[in-house]
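# What the coordinates show
Here is how the chains run, residue by residue.
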Amino acid sequence: WLRERLGALWDDVKGGGWREEPPEEFLDPLTCGVMMDPVTLPSSRQVVDRSVIIRHLSTCQPEDPFNRTPLEASQLIPNAELKAKIDKWREEN
């Protein structure tokens, strides 16, 4: 898992090497990288990458970065539909 995640992050850093630009909905609003495991934040309804929000919760305040309401990792809502779209796009690009 870690090797896959690091490889994807490296691809994002060096411009993705994508045949086509990723759709806006695939980009994490905090890092602008293509998400690997999108989750919805319960109070703001923003979609972010799980690893990004977990890092935020563990190193910053335990709150939603968009509206500052209290937030715990257990409250994250997996976005399986968007994940499937991203996975398909990655395979094709």
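Being a predicted model, the structure only gives us computed values, none of them experimental. (Residues numbered from 1 in each chain as written. Predicted model: local features only at pLDDT ≥ 70, side-chain atom pairs only at ≥ 80, totals over all residues. Heavy atoms only, no water.)

## Quick notes on helix H3 (residues 80-92)
- Here H3 spans 18 Å end to end across 13 residues, near enough to the 18 Å set by a 1.5 Å rise per residue.
- Taken together, the buried positions of H3 are occupied by Leu 82, Ile 86, Trp 89 and Arg 90. Projection of H3 onto a plane perpendicular to its axis shows the buried side chains occupying an angular sector of 100°, all on one side. Exposed and facing more than 90 degrees away from the buried side of H3 are Ala 80, Glu 81, Lys 88 and Glu 91. (Helix = DSSP H or I, 4+ residues; strand = E, 2+ residues; numbered from the N terminus. Expected span 1.5 Å × (residues − 1). Buried < 20%, exposed > 50% of the residue type's maximum accessible area, 1.4 Å probe, protein only. Arc of directions from axis to C-beta.)

## What to know about the environment of Arg 90
- Counting through the fold element by element, Arg 90 comes out in helix H3.
- The class for Arg 90 is buried, based on a relative accessible area of 17%.
- Taking C-alpha positions, Arg 90 is 8.3 Å from Trp 18, a pair spaced 72 residues apart along the chain.

## Section: the side chain of Asp 49
- Topologically, Asp 49 is positioned in strand S2 (residues 47-49).
- At 2.6 Å, the side chain of Asp 49 and the backbone nitrogen of Met 36 are in polar contact.
- In this structure the side chain of Asp 49 is engaged in a polar contact, spanning 2.6 Å, whose partner is the side chain of Ser 51. (Polar contact = N/O pair within 3.5 Å; in protein donor to acceptor, adjacent residues only side chain to side chain.)

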